[in-house]
Amino acid sequence: LALDARFVLEIERQRMHNGNHDVIVVGAGFAGLACAHEIAKAGRRVCVIDRKRDLGERLHTTGILVEEALANPLFTDLPAGIHHSVSSVKLYAPGLESIELTAPGYRFHTTDTPALMRWLGEQAVTAGVDMRLGCAFREAQATAHGWHLPGVGQCRYLVGADGARSRVAAYFELGRVRDFLHGVEYEYDGAGLRRPDALHCFISRRWAPGYIGWIAQTPRGVQAGLAQRLRHGAPPPDVAAFLAHVAPLVGLSIVRKPDSIRAGLIPCGGPVRPRVGRHVLLAGDAAGVVSPVTAGGIHSGLRHGAEVGRALVQ
């Protein structure tokens, strides 16, 4: 029996070396990594591909986590320096009157988002995920038992976790996200707020029609952003003008250009249909499974990615 077991393990090792996987996940965001983590944890062969060469570059997320997100197994042993706890929400009306909202024991968590994504990628590799960065999804060829991705290998199942403009969804003619919020965020390294323990949220038809503006302390400095409903012909969110209007209110002194700018689309029309095809599934933003109204977009992506991973294992 021991001899047979060694023989089987050697075959499995060779299969992995030859590019055979149980699952290939396209997209190393929150949903994709949560999906891959569940599959690797069950001892299955999983590969994650992402067109970025560095998981901390070209980000499209605020990195703000709700309290429930930290209970996800992905965040076990999260380094303290990567996240900053926020105990209250200060909500501003259009006229800048404000009210403070708190709940006993509940916190939001801002993050050093580039460092967080790099750390999550390292954790995935440690868990046994075959990570391929700088590797974009372009096409898939059907096989008897799944799919072949040129330059990557074969898999039984393919997961599209590649964001709101999913290439996987387009290629396989699955449901497409049609309704979006357009978000833009500035980050100022080393800056501080008068109230670093509060998430400052602004309701304004002028600055953020259809959504909100926000300013928050992070481990790196201060992040400030706007998101609004994406409309044809509408100008992008004007974060600079917004900050000129509200920065003194929160004690933010801006004397330079932002150190980094993030922008992206946030699905807001609900889950797409269909989300499943022949040996292919969508997860997270690609599936429209996101909850921007509750600031729970990351948490929703984590939960859905993990559910997809568990379903594939079963």
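The structure we're discussing is the one just above.
Residues numbered from 1 in each chain as written. Predicted model: local features only at pLDDT ≥ 70, side-chain atom pairs only at ≥ 80, totals over all residues. Heavy atoms only, no water.

Q: I'm lost on the sheet that holds strand β14 (residues 213-217) in this one. Help?
A: Two orientations exist for strands paired in a sheet by backbone hydrogen bonds: parallel and antiparallel. With mixed pairing, seven strands are arranged side by side in an open sheet as β6-β5-β13-β14-β15-β12-β16. Since the sheet does not close on itself, it has two edges, and those belong to β6 (98-101) and β16 (260-267), each with one partner. The sheet shows a mean angle of 20 degrees between the axes of neighbouring strands, taken without regard to direction. Sheet topology note: the β14/strand β15 (residues 221-229) ladder contains five bridges and is antiparallel. What sits directly across from Gln217, in β15, is Val222. (Pairing = 2+ DSSP bridges. Helix = DSSP H or I, 4+ residues; strand = E, 2+ residues; numbered from the N terminus. Axes fitted to C-alpha atoms, helices over the stretch in contact; angles between N-to-C directions.)

Q: Help me understand the sheet that holds strand β3 (residues 65-66) in this model?
A: With antiparallel pairing, three strands are arranged side by side in an open sheet as β3-β7-β4. Looking at the sheet topology across the chains shown, the edges are occupied by β3 and β4 (83-86).

Q: Explain the pattern of salt bridges here, please?
A: When their charged atoms lie close together, side chains carrying opposite charge are able to pair. Summed over the entire model, instances satisfying the criterion amount to 14 salt bridges. Salt-bridge contacts for Arg220 lead to Asp189; the nearest nitrogen and oxygen are separated by 3.4 Å. Of this pair, Arg220 sits in the loop between β14 and β15 while Asp189 sits in strand β12 (residues 180-189); the two residues are 31 residues apart in sequence, bridging distant segments of the chain. Residue Asp189 is classed as partly exposed on the basis of its relative accessible area of 28%. The salt bridge involving Asp197 is made with Arg195; its shortest N-O contact spans 2.8 Å. (Salt bridge = Lys/Arg side-chain N within 4 Å of Asp/Glu carboxyl O. Buried < 20%, exposed > 50% of the residue type's maximum accessible area, 1.4 Å probe, protein only.)

Q: Mind showing me how you'd approach helix α6 (residues 297-313) here?
A: Side chains that are three or four residues apart share a direction in an α-helix, a result of its 3.6 residues per turn. Across its 17 residues, α6 extends 24 Å between first and last C-alpha, which sits within 8% of the 24 Å expected from 1.5 Å per residue. Taken residue by residue, α6 has Ile298, His299, Ser300, Gly301, Leu302, His304, Gly305, Ala306, Val308, Gly309 and Leu312 as its buried positions. For α6, the secondary structure elements touched by its buried residues are β1 (20-26), α2 (30-41), β3, β11 (153-160) and β18 (280-282). (Expected span 1.5 Å × (residues − 1). Contact = heavy atoms within 4.5 Å.)

Q: What is the right way to look at the nonpolar core in this model?
A: Within soluble globular proteins, side chains that are nonpolar tend to cluster in buried spots. Within the largest apolar cluster, 49 residues are counted, with the highest numbers of intra-cluster contacts made by Phe75 and Leu120. Among the elements that line this core, the one with the most residues is α2, at eight residues. Ignoring sequence-local partners within four residues, the contact set of Leu120 consists of Phe30, Leu33, Leu74 and Phe75. Formed by 25 residues, the second largest nonpolar core is a distinct cluster that contains Ile24, Val26, Cys47 and Val177. (Core = buried A, V, L, I, M, F, W, Y, C linked by side-chain atoms within 4.5 Å.)

Q: Where do I start with the side chain of Thr218 in this structure?
A: For Thr218, the location among the structural elements is in the loop between β14 and β15. Classification of Thr218 as buried rests on a relative accessible area of 4%. Within the structure, Thr218 has its side chain in polar contact with the backbone nitrogen of Arg220 (distance 3.1 Å). Contacts of Thr218, omitting those with residues within four sequence positions, involve His84, Thr110, Thr111, Glu187 and Gln223. (Polar contact = N/O pair within 3.5 Å; in protein donor to acceptor, adjacent residues only side chain to side chain.)

Q: Explain the environment of Val46 to me, please; I cannot follow it from the model alone.
A: Structurally, Val46 can be placed in strand β2 (residues 46-50). The spacing of Val46 and Ala36 is ten residues in sequence and 6.3 Å in space, taken between C-alpha atoms. Val46 has contacts with His21, Val23, Val25, Ala36, Ile39, Ala40, Gly128, Val129 and Asp130, leaving out every residue within four places of it along the chain.

Q: Just to check I follow, could you spell out helix α5 (residues 239-250) for this structure?
A: For α5, every residue scored as buried is listed here: Val239, Phe242, Leu243, Val246, Ala247 and Val250. The arc that holds every buried residue of α5, seen down its axis, measures 130 degrees, which confines them to one face. Turned more than 90 degrees from where α5 packs its buried face, Ala244 and Pro248 sit exposed. Summarising the contacts, the buried residues of α5 are in contact with β5 (88-92), β12, β13 (198-202), β14 and β15. Looking at the residues trailing α5, positive phi occurs at Gly251, about 80 degrees. (Arc of directions from axis to C-beta.)

Q: Would you mind showing me how to read the state of the cysteines here?
A: When the sulfur atoms of two cysteines share a covalent bond, that bond is a disulfide. Taken as a whole and assessed by the stated rule, the structure comprises zero disulfides. With no disulfide of its own, Cys135 lies 7.0 Å from the sulfur of Cys47, the closest cysteine sulfur. By relative accessible area, Cys135 is classed as buried at 17%. Here Cys155 stays unpaired: no disulfide links it, and the sulfur of Cys47, its closest cysteine neighbor, is 8.9 Å away. What makes Cys155 buried here is its relative accessible area of 4%. (Disulfide = S-S within 2.5 Å.)

Q: Just to check I follow, could you spell out the packing of α2 against α6 for this structure?
A: Relative placement of two packed helices is described by the angle separating their axes and the distance separating the axes. The interhelical angle for the contact between α2 and α6, taken along N-to-C directions, is 35 degrees, at an axis separation of 7 Å. When the axes of α2 and α6 are compared, the crossing they make is right-handed. Counted together, Phe30, Ala31, Ala34, Cys35, Glu38 and Ile39 of α2 and Ile298, Gly301, Leu302, Gly305, Ala306, Val308, Gly309, Arg310, Leu312 and Val313 of α6 form the full contact between these two elements. Residues that form the contact of α2 with α6 fall into these classes: eleven nonpolar, three polar and two charged. (Left-handed = near helix turned anticlockwise from the far one by under 90°. Nonpolar A, V, L, I, M, F, W, Y, C, P; charged D, E, K, R; others polar.)

The quantities given are spatial measurements derived from coordinates; they are silent on function.
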